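Survey of secondary and tertiary structure
Residue-level listing of the chains:
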Amino acid sequence: MCGRFTLNQPASSLAKAFPLQQIPDLAAQYNIAPTQMVPTVLHNPTSKQDEFQQLRWGLIPAWAKDIKIGVKLINARAETVAEKPAFRTAFKRRRCLVIADGFYEWQKQQGKKQPFYFRLQDSQPFAFAGLWEMWHSPEGEEIASCTIVTTTANKLLAPIHERMPVILAPEDYDLWLDTQVQTPERLQPLLDPYPSEAMTAYPVSNLVNKPQHNSPECIIPLSEENTLPNQLN
């Protein structure tokens, strides 16, 4: 699964990675958690432009009776996303990029869980494959929400966790956002595990266990000698 991630890049870096007309300056986030607002890119079929938008993390299907369902739908499995009632319509018509520059996973160690931080080797921002929905509450409130698609872990992540978020290659952004593409046969190949050799990982402090801890200390390695450049030993 993917339950926490980070984004602490300046607007200039995001502008290079995501060619949008407008990219706001975002406050650095070192511990983004479910139900929080997250930065995304959507395709607007009216303007035919890709646009930046903040969405609530935790998908609330249009048919849901209660907003609380979103807490259970922070992730969508790549293997079943095309069939699950909560995700299948969004998978066809409402896909998005969730912008990040790193994420956390936890490894069970002697009865405890040790957090690890994962990012790309070049430390650049990237996009998770996401889905979004618009929900209308009984009171008429509109809430736009999203989920992050996950897949099987690559060799780097496998010793830590069996799942990982789908990181899209930049050349696949347009296809993922194209609302005219709706067949699983075109989309499923994009949901493979990201190459291990392009990523790095290292253990971090338990500070990240609590969402209220949102500081650079969350991503500092426990010790430099424990940094894992390409693969876990």
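The structure under discussion appears in the preceding block.
The following paragraphs examine the structure supplied in this document. (Residues numbered from 1 in each chain as written. Predicted model: local features only at pLDDT ≥ 70, side-chain atom pairs only at ≥ 80, totals over all residues. Heavy atoms only, no water.)

**Concerning the pairing of strand E3 (residues 37-44)**
- Relative to strand E4 (residues 49-57), E3 runs antiparallel, the two sharing 8 bridges. Residue pairing for E4: Met37 is matched across the bridge by Arg56.
- As consecutive antiparallel partners, E3 and E4 are separated by 4 residues, and within that stretch Lys48 has a phi angle of approximately 60°, a positive value.
- Taken together, the 2 bridges between E3 and strand E6 (residues 95-100) define a ladder with antiparallel strand orientation. Bridging from a neighbouring strand, Thr40 pairs with Val98 of E6. (Pairing = 2+ DSSP bridges. Helix = DSSP H or I, 4+ residues; strand = E, 2+ residues; numbered from the N terminus.)

**What about the side chain of Gln9?**
- By secondary structure assignment, the location of Gln9 is in the loop between strand E1 (5-7) and helix H1 (11-17).
- Of the polar contacts made by the side chain of Gln9, one reaches the side chain of Asp101; its length is 3.2 Å.
- Looking at Gln9, its side chain comes within polar contact range of the main-chain oxygen of Ser123, at 3.0 Å.
- When residues no more than four places from it in sequence are discounted, the contact partners of Gln9 are Leu14, Asp101, Ser123, Gln124 and Pro125. (Polar contact = N/O pair within 3.5 Å; in protein donor to acceptor, adjacent residues only side chain to side chain. Contact = heavy atoms within 4.5 Å.)

**Points about unusual backbone geometry**
- Notably, Lys48 is not glycine yet its phi reads approximately 60°, a positive angle.
- Summarising the element assignment, Lys48 is placed in the loop between E3 and E4.
- Phi is positive for Gln110, which is not a glycine, with a value near 50°.
- Looking at where Gln110 falls in the secondary structure, it is placed in the loop between strand E7 (102-109) and strand E8 (112-120).

**What to know about the environment of Lys108**
- By the secondary structure assignment, Lys108 is in strand E7.
- The spatial distance from the C-alpha of Lys108 to the C-alpha of Thr151 is 20 Å, given a sequence separation of 43 residues.

**Overview of the packing of aromatic side chains**
- For the structure shown, the criterion picks out 10 aromatic pairs.
- Note on Phe5 and Trp57: the rings are 5.2 Å apart at their centroids and 65° apart in plane angle, and the pair reads as edge-to-face. Of this pair, Phe5 sits in strand E1 while Trp57 is found in strand E4, placing the two residues 52 residues apart along the sequence. Here Phe5 matches Trp57 in class, with each residue buried.
- Aromatic side chains Tyr104 and Tyr117 sit 5.1 Å apart centroid to centroid with 45° between the ring planes, which places their arrangement in the tilted category. (Phe/Tyr/Trp six-rings, centres within 6.5 Å; stacked < 30°, edge-to-face > 60°. Buried < 20%, exposed > 50% of the residue type's maximum accessible area, 1.4 Å probe, protein only.)

**Topic: the sheet that holds strand E2 (residues 29-32)**
- Here we have 5 strands laid out as an open sheet, ordered E2-E1-E7-E8-E13, and antiparallel in their pairing. Edge positions in the sheet fall to E2 and strand E13 (199-203), since each of these pairs with one other strand and no more. Adjacent strand axes in the sheet meet at a mean angle of 30° when their direction is disregarded.
- As paired strands, E1 and E7 are joined by 2 bridges and run antiparallel to one another. Bridging across to E7, Thr6 finds its partner in Gly102. (Axes fitted to C-alpha atoms, helices over the stretch in contact; angles between N-to-C directions.)

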